[in-house]
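Descriptive structure summary
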Amino acid sequence: MNRPPLDPPVLLEARRISRLYGPGKGCEDIGFRLHAGEVLGIVGESGSGKSTLLRVLSGLEAPDRGRVLYHGHEGELDLYAIGEARRRALLRLEWGLVHQNPRDGLRLGVSAGANIGERLMALGDRHYGQLRAAGQDWMGRVELDPRRIDDVPKTFSGGMQQRLQIARTLVTRPNLVFMDEPTGGLDVSVQARLLDMLRTLVRELGLSVVLVTHDLAVARLLAHRLMVMRRGRVIEAGLTDQILDDPQHAYTQLLVSSVLTP
Ligand SMILES: Nc1ncnc2c1ncn2[C@@H]1O[C@H](COP(=O)(O)OP(=O)(O)OP(=O)(O)O)[C@@H](O)[C@H]1O
């Protein structure tokens, strides 16, 4: 993907973040800036610290050291200097989180329409007809049959559940989206279609995304920039095409030549 034009404002900034469970386990001394409209991919083999970093960035786990700054509707917020309640509110109202396993992001026992409408209701939307219309509209956008709006996600396939989770996340037009292996755990053909759909949505909505993936094909298609992690540290960072076409670090070269990809 090409970089977005102009020089959009910084949305999220990580300053020397560390969260370590043991030597090389977790993430260490990570710094970057995410600009509005940009997709930042965090890649690396299993255990390199990608999910730990994402949890810290998305307000779910405090770092041992460092700061996460978010430049949102209220100006600059230091994520771990504000209270837990405000952090949770950010995740509910301004951010979106797409889990690898849709079951972690959906309420399986309530209808597809309610799953989508719920986040809008959290923003104050109470009009039943509008919530239902938004549910149908978003089901269509993620290529789910809107006639299944009253069905519960338990009756959907894994790929369909992931689409629904994406609809539920994006319906509120979040300012910032975190995605953890959004196509992981799905059949290859299902992955390809989902990836295509995600790419279209990211482009159309101009989403700002932090994306964790071990799959370089996913990173290539979605991310403008990449950070390559190994044993908790970023060993290489830059534009996606540069990193994947001309990796400088020996580990990245191995990763790109697929030797290390699971
Ligand atoms: N809560 C925890 N307690 C102890 N160790 C942890 C915890 N969470 C992660 N780790 C360890 O930190 C390291 C990094 O894990 P993390 O899940 O961040 O890696 P990852 O790159 O996301 O891997 P994967 O792709 O397999 O999810 C691993 O060695 C893991 O065992």
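Residues numbered from 1 in each chain as written. Predicted model: local features only at pLDDT ≥ 70, side-chain atom pairs only at ≥ 80, totals over all residues. Heavy atoms only, no water.

Per an unreviewed UniProt entry, the chain goes by the name Phosphonate C-P lyase system protein PhnK and belongs to Billgrantia endophytica.

Topic: helix H1 (residues 50–57)
Extensive coverage of H1 is indicated by the burial of six of its eight residues. Looking only at H1, the buried set comprises Lys 50, Thr 52, Leu 53, Leu 54, Val 56 and Leu 57. Directly after H1, the chain includes Gly 59, whose backbone phi takes a positive value near 85°. (Buried < 20%, exposed > 50% of the residue type's maximum accessible area, 1.4 Å probe, protein only. Helix = DSSP H or I, 4+ residues; strand = E, 2+ residues; numbered from the N terminus.)

Topic: the sheet that holds strand E2 (residues 25–35)
Across the sheet, four strands lie side by side as E2-E1-E4-E5; this open sheet has antiparallel pairing. Only two strands of the sheet have a single partner each, and these edge strands are E2 and strand E5 (75–78). With direction set aside, neighbouring strand axes in the sheet form an average angle of 20°. Against the sheet, H1 touches strand E1 (10–22), E2 and strand E4 (65–72), its axis set at about 125° to E1. (Pairing = 2+ DSSP bridges. Axes fitted to C-alpha atoms, helices over the stretch in contact; angles between N-to-C directions. Contact = heavy atoms within 4.5 Å.)

Observations concerning helix H7 (residues 188–205)
With 18 residues, H7 extends 25 Å from end C-alpha to end C-alpha; this agrees with the ideal 26 Å at 1.5 Å per step. Looking at the buried residues of H7, the elements they touch are strand E3 (39–43), helix H5 (128–141), helix H6 (158–170), strand E7 (176–180) and helix H8 (216–222). Among the residues trailing H7, Gly 206 stands out with phi positive, at a value near 60°. (Expected span 1.5 Å × (residues − 1).)

Brief notes about the packing of aromatic side chains
Per the counting criterion, the structure on display carries two aromatic pairs. Following the ring pairs from residue to residue traces out a cluster consisting of Tyr 70, Trp 95 and Phe 178. Of note, Arg 141 hangs over the ring of Trp 138, and the distance from its end group to the ring centre comes to 4.5 Å. (Phe/Tyr/Trp six-rings, centres within 6.5 Å; stacked < 30°, edge-to-face > 60°. Lys NZ or Arg CZ within 6 Å of the ring centre and 35° of its normal.)

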